[in-house]
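Structural description and commentary
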Amino acid sequence: SASSTCAAAEPPPAKEVAEELLRSAGVSGGLCSHVGCGDGELTAALARAGRLVVHALDPDPVAVAAATARLRSEGLYGPAWVEEHRARTLPYAEDLVNLVVLGTPSRLGIPLDEVVRVLCPGGVAFLALDRDAGGPIAGDSANADLARVAALEVSGRIESAGLVWNDRPWLRLRKPWPPQM
């Protein structure tokens, strides 16, 4: 029933979450990968911004069907689409994706190195943290995720790690421009 699924504090609408993520990312266009898209509400909000081609992934065929139906009903299918995906790797070439939005919990178990691999230089990833359900990366705890992020910062593979707060904390990572470029 609807009453049993409602939380005491309503999360902000997907439109507000998408606007905040896009504002914080500073990404002006390109490819967005929404990993763990669920029913596609946030996917649709990202697509409505009109600046990104949005490819959503989810391992659950029921969620994929719901997200696809949502995109079609809102006239967004085409610039945004959804696929069932269960692999621990993302289906993109290296340095291709401008924005990765990794939902919580990530039922795909995508390693952080894989997220960084697909980000283009200057690209941004948002990892939704949920302290109650563990971290978004490969089922680790949020603390383990933060330790992995710190190690990537020290190695120079990411920069600008920071938190963006909305209905839950989002960890923002930016892939730097390589010095040789």
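Residues numbered from 1 in each chain as written. Predicted model: local features only at pLDDT ≥ 70, side-chain atom pairs only at ≥ 80, totals over all residues. Heavy atoms only, no water.

**Comments concerning the overall build of the chain**
Under the convention used in this document: Numbered from the N terminus, helices here are DSSP runs of H or I no shorter than four residues, and strands are runs of E no shorter than two. Buried means the residue's accessible area, taken with a 1.4 Å probe over protein chains only, is under 20% of the maximum for its type, while exposed means over 50%, and partly exposed covers the values in between. It only takes one pair of heavy atoms within 4.5 Å for two residues to be counted as in contact. Residue-level accessible areas treat just the shown protein chains as cover; the underlying method is Shrake-Rupley with a 1.4 Å probe.
Counting its regular elements, the chain contains 6 helices and 7 strands. Along the chain, from the amino end to the carboxyl end, the secondary structure elements read α-α-β-α-β-α-β-β-α-β-α-β-β. Counting all 181 residues of the chain, 48% fall into the buried class. Within the chain, counting contacts between residues at least 6 apart in sequence, those at least 24 apart form 65% of the total. Surface exposure of the chain reaches about 8500 Å², of which carbon and sulfur atoms provide 53%.

**Observations concerning unusual backbone geometry**
Comment: phi is negative for the bulk of residues other than glycine, and the bulk of peptide bonds are trans. Phi angles above zero are rare outside glycine, and Asp 95 is one such case at about 60°. Within the fold, Asp 95 resides in the loop between strand 3 (80–84) and strand 4 (97–102).

**What to know about the packing of helix 2 (residues 14–25) against helix 3 (residues 41–48)**
Definition in use: For helices, the fitted axis covers only the stretch in contact; all axes are lines through C-alpha atoms, and the angles between them, taken along N-to-C directions, range from 0 to 180 degrees. Small angles under 35 degrees read as roughly parallel and large ones over 145 as roughly antiparallel, with 65 to 115 read as roughly perpendicular and the rest as oblique. Crossings are sorted by hand: turned counterclockwise from the far helix by less than a right angle, the near helix makes the crossing left-handed, and turned clockwise it makes it right-handed. Just so you know the grouping, Ala, Val, Leu, Ile, Met, Phe, Trp, Tyr, Cys and Pro go in nonpolar, Asp, Glu, Lys and Arg go in charged, and all remaining residues, Gly too, go in polar.
One can describe the packing of helix 2 onto helix 3 by two numbers: an axis separation of 8 Å at closest approach and a directional angle of 55°. Classified by the angle their axes make, helix 2 and helix 3 are oblique. You can see that helix 2 and helix 3 cross each other, and the crossing is right-handed. The residues of helix 3 that touch helix 2, namely those facing Ala 14, Lys 15, Val 17, Ala 18, Leu 21 and Leu 22, are Glu 41, Leu 42, Ala 45 and Leu 46. Taken together, the residues of the contact of helix 2 with helix 3 break down into 8 nonpolar, no polar and 2 charged.

**Let's talk about the side chain of Thr 43**
Relative to the elements of secondary structure, Thr 43 occurs in helix 3. Apart from residues no more than four positions distant in its own chain, Thr 43 is found in contact with His 34, Cys 37, Val 54, Ala 56 and Leu 71.

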